[in-house]
Amino acid sequence: LALARTHLADSPSLLVQATAALDEAAIRGTQGDAPKALMLSLAGKELAERSGWHRGMVVGTLNCAHFYVALGEADKASAYVKEALRLGGRSRNYDSALTGTRLQLAMALGQVEEVAAILAEASTTEFSSLDSWYEVSVLEALVRARLKERRWTEAIKNADEAISAE
């Protein structure tokens, strides 16, 4: 990634720079470095906005919401969830990322009814056709929510699905 950043420093393409920042954010997030992933998501989102790349704006916005939840900053996460809803998306990955982030945010805020509503919505969703990152992320949120509600069987089912995600 350091070599890619070196080459991108001279790149006039904001879209390529946005893509690189958002890709690295995903990697850093997977590695557990939420602060760095957030910083890269904010940068990628800003570059996507400057380039007019809608999908990058949506991805960056959802990433920011996700990482703010992970860092315990619910107010900022809520603002990014609202922005993601405003921007909209047209993919199952978008829907699932938004669902997972909304679920984690509702759990962080102790919104029991919202958690239940999101779980009911998610129970009708097939996650196996998603990109692996989104599938594992939303299943992890579902497992945590179901454990918190003492719904052991459903939590085990979702954990098994996450483990077998390709």
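Scroll up to find the structure.
Fair warning: this is a prediction, and the values are worked out from it, not measured in the lab.

Q: So what exactly am I meant to see when it comes to the nonpolar core here?
A: Looking at soluble globular proteins, one finds that nonpolar side chains tend to be buried together. The biggest cluster of nonpolar side chains holds 27 residues, and the ones touching the most others in it are Leu62, Tyr68, Leu98 and Leu105. Secondary-structure elements contributing two or more residues to this core are α2 (14-30), α3 (34-51), α4 (54-70), α5 (74-87) and α6 (92-109). Among the elements that make up this core, the one with the highest residue count is α4 (nine residues). Dropping the residues within four chain positions of it, Leu105 is found in contact with Val69, Ala74, Ala77, Ser78 and Val81. With 13 residues, the next largest nonpolar core counts Val115, Ile118, Leu139 and Ala141 among its residues.

Q: Please explain the packing of α2 against α3 as it appears in this structure.
A: The packing of two helices is summarised by the inter-axis angle and the distance between the axes. At a minimum axis distance of 8 Å, the contact between α2 and α3 shows a crossing angle of 160°. One finds that α2 runs roughly antiparallel with respect to α3. Considering the relative orientation of α2 and α3, their crossing is left-handed. Facing Leu14, Leu15, Gln17, Ala18, Ala21, Leu22, Glu24, Ala25, Arg28 and Gly29 of α2, the residues of α3 in contact are Lys36, Ala37, Leu40, Ser41, Gly44, Lys45, Leu47, Ala48, Arg50 and Ser51. Split by residue class, the contact of α2 with α3 holds ten nonpolar, five polar and five charged.

Conventions used here
Residues numbered from 1 in each chain as written. Predicted model: local features only at pLDDT ≥ 70, side-chain atom pairs only at ≥ 80, totals over all residues. Heavy atoms only, no water. Core = buried A, V, L, I, M, F, W, Y, C linked by side-chain atoms within 4.5 Å. Buried < 20%, exposed > 50% of the residue type's maximum accessible area, 1.4 Å probe, protein only. Helix = DSSP H or I, 4+ residues; strand = E, 2+ residues; numbered from the N terminus. Contact = heavy atoms within 4.5 Å. Axes fitted to C-alpha atoms, helices over the stretch in contact; angles between N-to-C directions. Parallel < 35°, antiparallel > 145°, perpendicular 65-115°, else oblique. Left-handed = near helix turned anticlockwise from the far one by under 90°. Nonpolar A, V, L, I, M, F, W, Y, C, P; charged D, E, K, R; others polar.

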